[in-house]
Amino acid sequence: MKEQSAQVRWEQLTQRPLLALAVAFAVAYALPIVDRSAGHVLTAACTVAEWAVWGSFALDYLVRLALAPRRREFVRTHWIDLCAVVLPLLQPLRLLRLVATLMLVGRRARMASQIRLTTYVVGAVVGLLMFGSLAVLSVERDSPNGNIRTLGDALWWSFTTMTTVGYGDHAPTTGLGRMIAVGLMLAGIALLGVVTANIATWFIARFEKDDVEERRQTEAIGMLTEEVRALRAEVLALREGVGAEATALRSPALAGCRCAHPVPPGGPPGLSGSGGGTTARS
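Residues numbered from 1 in each chain as written. Predicted model: local features only at pLDDT ≥ 70, side-chain atom pairs only at ≥ 80, totals over all residues. Heavy atoms only, no water.

Draft legend 1. Layout of the overall build of the chain. Helices and strands together make up the secondary structure of the chain, namely nine helices and zero strands. Overall, the chain shows an N-to-C arrangement of helices and strands of α-α-α-α-α-α-α-α-α. The buried share of the chain, reckoned over its 282 residues, is 26%. The contacts of the chain with a sequence gap of at least 6 include a subset with a gap of at least 24, amounting to 63%. (Helix = DSSP H or I, 4+ residues; strand = E, 2+ residues; numbered from the N terminus. Buried < 20%, exposed > 50% of the residue type's maximum accessible area, 1.4 Å probe, protein only. Contact = heavy atoms within 4.5 Å.)

Draft legend 2. A look at the packing of aromatic side chains. The tally for this structure, following the rule as stated, stands at five aromatic pairs. Both rings, one in Y29 and one in F131, keep their centres 6.1 Å apart while their planes meet at 55 degrees; by these two values the pair is tilted. Note that Y29 is positioned in helix α1 (residues 6–34) and F131 in helix α6 (residues 117–140), a separation of 102 residues in sequence. Residues Y61 and F74 carry aromatic rings whose centres are separated by 5.7 Å and whose planes lie at 40 degrees to one another, so their mutual orientation is tilted. One end of the pair, Y61, is in helix α2 (residues 40–67); the other, F74, is in helix α3 (residues 71–77), and 13 residues separate them in sequence. For Y61, a relative accessible area of 4% corresponds to the buried category. One aromatic cluster is present, built from ring pairs that chain together F25, Y29 and F131. (Phe/Tyr/Trp six-rings, centres within 6.5 Å; stacked < 30°, edge-to-face > 60°.)

Draft legend 3. Structural context of the nonpolar core. In terms of nonpolar packing, the biggest core is built from 25 residues, with Y29 and W157 touching the most fellow members. Secondary-structure elements contributing two or more residues to this core are α1, α2, α6, α7 (151–162) and α8 (175–260). The greatest single-element share of this core, amounting to eight residues, is contributed by α6. The next biggest cluster of nonpolar side chains, apart from the first, holds six residues, and it includes A58, Y61, A68 and F74. (Core = buried A, V, L, I, M, F, W, Y, C linked by side-chain atoms within 4.5 Å.)

Draft legend 4. Structural view of α7. Helix length check: α7 (twelve residues) gives 16 Å between terminal C-alpha atoms against 16 Å at 1.5 Å per residue, within 8%. Residues A154, W157, S158, T160, T161 and M162 constitute the buried set of α7. Positioned one or two residues after α7, T164 has a phi angle of 60 degrees, which is positive. (Expected span 1.5 Å × (residues − 1).)

Draft legend 5. Representation of the pattern of salt bridges in the model. Applying the stated criterion across every chain yields a total of three salt bridges. Measuring nitrogen to oxygen at the nearest pair gives 3.1 Å for the salt bridge that ties R64 to D60. Here R64 pairs with D60, and both are found in helix α2, just four residues apart, close to one helical turn. Take D60: its relative accessible area is 3%, and that puts it in the buried class. For the salt bridge of E73 with R70, the shortest nitrogen-to-oxygen distance reads 2.7 Å. On the basis of relative accessible area, E73 is assigned to the partly exposed category, the value being 33%. (Salt bridge = Lys/Arg side-chain N within 4 Å of Asp/Glu carboxyl O.)

Draft legend 6. Representation of a nonpolar patch on the surface within the structure. On the surface, a cluster of nonpolar side chains totalling about 510 Å² of accessible area is made up of V195, I199, W202, F203 and F207. In this fold, I199 is placed in helix α8. Relative accessible area serves as the criterion here: at 45%, I199 is assigned to the partly exposed category. (Patch = residues over 30% accessible without salt bridge, like charges linked within 9 Å, V, L, I, M, F, W, Y side chains within 5 Å. Areas by Shrake-Rupley, 256 points an atom, 1.4 Å probe, with all protein chains shown as cover.)

Draft legend 7. Representation of α2 in the model. Compared with the 40 Å implied by 1.5 Å per residue over 28 residues, the 41 Å span of α2 between its first and last C-alpha is a close match. Regarding α2, the residues found buried are C46, E50, V53, W54, F57, A58, D60, Y61 and R64.

Draft legend 8. The packing of α1 against α2, seen in detail. Two numbers describe how α1 lies on α2: the axes approach to 9 Å, and their chain directions differ by 165 degrees. Here α1 lies roughly antiparallel to α2, going by the angle between them. In this structure, α1 meets α2 at a crossing whose hand is left-handed. (Axes fitted to C-alpha atoms, helices over the stretch in contact; angles between N-to-C directions. Parallel < 35°, antiparallel > 145°, perpendicular 65-115°, else oblique. Left-handed = near helix turned anticlockwise from the far one by under 90°.)

Right, dumping it as structure tokens:
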């Protein structure tokens, strides 16, 4: 059995703790937005929790980079992870920390072979709806011309935006809110394409499976037909051989009987006349 590398063991060991930290980040991000009455201490604690989660993901990236056998290739193939780690340092906005955490969670979730595509898509849809709603609510609620004032309005707007319906009853008015809208639109189109492709792949695989089974049955029937024909030919050949052997055995037996008891033309001796027989004995 091939031994796993140190990087793979680290990823398997830290997968669940990082997912738990991502959930903690979601709570810390949502609490000050949903609860307007949250005090300064609670808001500061949530901010510290957000940065702590981001720091955990950054530390995870550095450890994986150190354990990677080819570090240049690791950086080249994990450039999304690097961008997610560096983004909050360039501009320490809460939205950038949100995007970075979502990107890192997505990358680590895809490493788990037991998480199927459908589960990942559903989780991505729910996460984008929730975080998109919270993000647009946080930037639009205090806007003078904004019409997204409650969490219900934000959820409705996020849903219509991700599905590219766009009723127009709610729309962002700030620049950052419109950037969030563009991200949700692109994410909605991408996820819709993934779902459509997944469903189409399922149907194609189903049809191919049925076709393979039908071809297998057809081949089996053809093989059975050929075997039956071969058996018929063998039975016919055996029947003809047995008949020929029986005929050959009967012919010498009949010939031997005729040679051992010849019958003269005038009948058997002694039966041609009574006088002839008496004369011969005297």
